[in-house]
Amino acid sequence: MGDNKRKNMSEIFDPIKDFFTIRKAKEKLLFYVVPVLLGMLSMVLFIFIHGNDAFNLKSFTNEFVDQLITMLTLFVSFTMAYLSIIVSSCSKNIDNLKSTKRKKDCTLYQVLVSEITYNLLIEILFLLVTIVEKFILCVSNPIACKIMLSVDITLFVHVLFIMMIIVKDIYFSFWKSE
């Protein structure tokens, strides 16, 4: 019974594995390398550029994390709505997506559901990270704030890129393509 529970828990990450499997190399570059580069650039800027005397890094980080929590909560809601629309839709366009094969033995419908599910999972994990950051901020130093801001920027850019792809795919899923 213990193995069953471990298997069920590991299935939570299947959408991430599936998402990686169906992505092209160019897409992986956009989704992962660009956000990491922006996060690293932000870290360099945080190290070398200092705010004026009135700037309080810890207060800024706290407010930024508060804003992220609010935005991520909205993102999770919208992503759940996208997923509900796609899964429950009975349109001709969705039927076409379900029957149109793509490389790696996936239908376009599976690709779209994979993207949305992956994004939802990343948004939820990111939301958990930001909630933990709220507690870390109580005992953190300026270096920890800079690291948190850089990680948050990296994850936020990643989520935004995935969301843009999902919006594009949903748009073309319902656009009459004749």
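This one's a predicted model, so the numbers in the text were calculated from it and none came from an experiment.

Novice: Can you tell me about the nonpolar core, naming the residues and giving the values?
Specialist: Membership of the largest hydrophobic core comes to 30 residues, with the highest contact counts inside it found for Ile 86 and Ile 116. For this core, the secondary-structure elements that each account for two or more residues are α2 (14–22), α4 (57–88), α5 (92–99), α6 (108–137) and α7 (142–174). The dominant element in this core, judged by the number of residues it contributes, is α6, at 10 residues. In contact with Ile 86, not counting residues within four places along its chain, are Ile 94, Tyr 109, Leu 112, Val 113, Ile 116, Ile 170 and Phe 174. Membership of the second largest hydrophobic core comes to 6 residues, among which are Leu 57, Val 65, Leu 137 and Met 148.

Novice: I'd like to hear about the environment of Ser 77, residue by residue, with values.
Specialist: Tracing the backbone through its elements, the reader meets Ser 77 in helix α4. Once the C-alpha coordinates of Ser 77 and Glu 11 are considered, the two residues, 66 residues apart in sequence, prove to be 22 Å apart. Engagement of the side chain of Ser 77 in a polar contact is seen with the backbone oxygen of Thr 73, the distance being 3.1 Å.

Novice: Help me get a handle on the packing of α2 against helix α3 (residues 25–48), residues and values and all.
Specialist: In the contact formed by α2 and α3, the axes pass within 9 Å of each other and the chain directions differ by 130°. Comparing the axis directions of α2 and α3 gives the class oblique. Residues Phe 19, Phe 20 and Ile 22 of α2 pack against Glu 27, Lys 28, Phe 31 and Tyr 32 of α3. For the contact of α2 with α3, the per-class residue count stands at 5 nonpolar, no polar and 2 charged.

Parameters at a glance
Residues numbered from 1 in each chain as written. Predicted model: local features only at pLDDT ≥ 70, side-chain atom pairs only at ≥ 80, totals over all residues. Heavy atoms only, no water. Core = buried A, V, L, I, M, F, W, Y, C linked by side-chain atoms within 4.5 Å. Buried < 20%, exposed > 50% of the residue type's maximum accessible area, 1.4 Å probe, protein only. Helix = DSSP H or I, 4+ residues; strand = E, 2+ residues; numbered from the N terminus. Contact = heavy atoms within 4.5 Å. Polar contact = N/O pair within 3.5 Å; in protein donor to acceptor, adjacent residues only side chain to side chain. Axes fitted to C-alpha atoms, helices over the stretch in contact; angles between N-to-C directions. Parallel < 35°, antiparallel > 145°, perpendicular 65-115°, else oblique. Nonpolar A, V, L, I, M, F, W, Y, C, P; charged D, E, K, R; others polar.

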